[in-house]
Amino acid sequence: GLPLPGPERWVYPPAFTMPVLPLAMLPVALARVVWALVTVACVMVGVRAIWNAAMEDLAFREAVKRPARFLVFVTGLACTSLGHVIVPLSYQSHDPLVFAMLCVAAVTLARRDLEASRQDRRTGVWLGLAASCKVMPVLFLPALAAARRWRVAIVMGVTGVVVALGFDLA
């Protein structure tokens, strides 16, 4: 919860330290390698979740059947987003962890094989965990309210508060 050095004076929620606490017990060189592997794995999990969410959409499944157009789409997407993936990886940010949680929330929200209440609870938990590590996912709350996804918003809020208070209590 303390400001990080630099002109921006960003303040991260204290729960952000939970994923990195075990790394403090490792030698610095090994901790950097482990952290790099974790962040790359999170990007891979996020991309896989995006793919799974997209495959829930009939129009996307049909687009996959047209390889030339689909290849142009994927190439354009890769070119426009590659920098946003490489920058956090280059300075070993925790953003890929938040990215993975948000993408898992998206695929949970998109899935149609779950009953609505379970789907909403899972989505809310993932969004709440993401908001516990970085405040920006809290911006989903107004979007969820506008979409009248009250259960997701409530579960997200409760999860975020429980994780934040739990960390402080621990």
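Just so we're clear, the structure is a prediction, and the values are computed from it rather than from any experiment.

Draft legend 1. Fine view of the packing of aromatic side chains. This model, assessed by the stated rule, comprises four aromatic pairs. With a centroid separation of 5.9 Å and an interplanar angle of 75°, the aromatic rings of Trp51 and Phe70 are classed as edge-to-face. Of this pair, Trp51 sits in helix α1 (residues 28-55) while Phe70 sits in helix α3 (residues 67-90), and the two are 19 residues apart along the sequence. Taken together, a centroid distance of 6.4 Å and an interplanar angle of 40° make the contact between Phe70 and Phe73 tilted.

Draft legend 2. Up close: helix α7 (residues 150-169). Compared with an ideal rise of 1.5 Å per residue, which puts 20 residues at 28 Å, α7 spans 28 Å between its outermost C-alpha atoms and is within 8% of the ideal. Every buried residue of α7 is listed here: Val152, Ala153, Val155, Met156, Thr159, Gly160 and Val163. Along its buried surface, α7 packs onto α5 (116-133) and α6 (140-146).

Draft legend 3. Structural detail: the packing of helix α4 (residues 95-110) against α5. Between α4 and α5, the shortest axis-to-axis distance is 8 Å and the interhelical angle comes to 165°. Here α5 runs roughly antiparallel to α4, going by the angle between their axes. Read as a crossing pair, α4 and α5 show a hand that is left-handed. Where α4 approaches α5, its residues Val98, Met101, Leu102, Val104, Ala105, Thr108, Leu109 and Ala110 are matched on the opposing element by Gln119, Arg122, Thr123, Trp126, Leu127, Leu129, Ala130 and Cys133.

Draft legend 4. Structural context of the pattern of salt bridges. In total, this model carries four salt bridges according to the counting rule given. The closest approach of N and O atoms between Lys134 and Asp95, which form a salt bridge, is 2.5 Å. Taken together, the positions of Lys134 in the loop between α5 and α6 and Asp95 in helix α4 put the pair 39 residues apart, joining distant regions of the chain. Grouping residues by exposure puts Lys134 and Asp95 together as buried. A salt bridge links Arg149 to Asp120, with the shortest nitrogen-to-oxygen separation between them at 2.5 Å. One end of the pair, Arg149, is in the loop between α6 and α7; the other, Asp120, is in helix α5, and 29 residues separate them in sequence. For Arg149, a relative accessible area of 28% puts it in the partly exposed group.

The rules behind each value
- Residues numbered from 1 in each chain as written.
- Predicted model: local features only at pLDDT ≥ 70, side-chain atom pairs only at ≥ 80, totals over all residues.
- Heavy atoms only, no water.
- Phe/Tyr/Trp six-rings, centres within 6.5 Å; stacked < 30°, edge-to-face > 60°.
- Helix = DSSP H or I, 4+ residues; strand = E, 2+ residues; numbered from the N terminus.
- Expected span 1.5 Å × (residues − 1).
- Buried < 20%, exposed > 50% of the residue type's maximum accessible area, 1.4 Å probe, protein only.
- Contact = heavy atoms within 4.5 Å.
- Axes fitted to C-alpha atoms, helices over the stretch in contact; angles between N-to-C directions.
- Parallel < 35°, antiparallel > 145°, perpendicular 65-115°, else oblique.
- Left-handed = near helix turned anticlockwise from the far one by under 90°.
- Salt bridge = Lys/Arg side-chain N within 4 Å of Asp/Glu carboxyl O.

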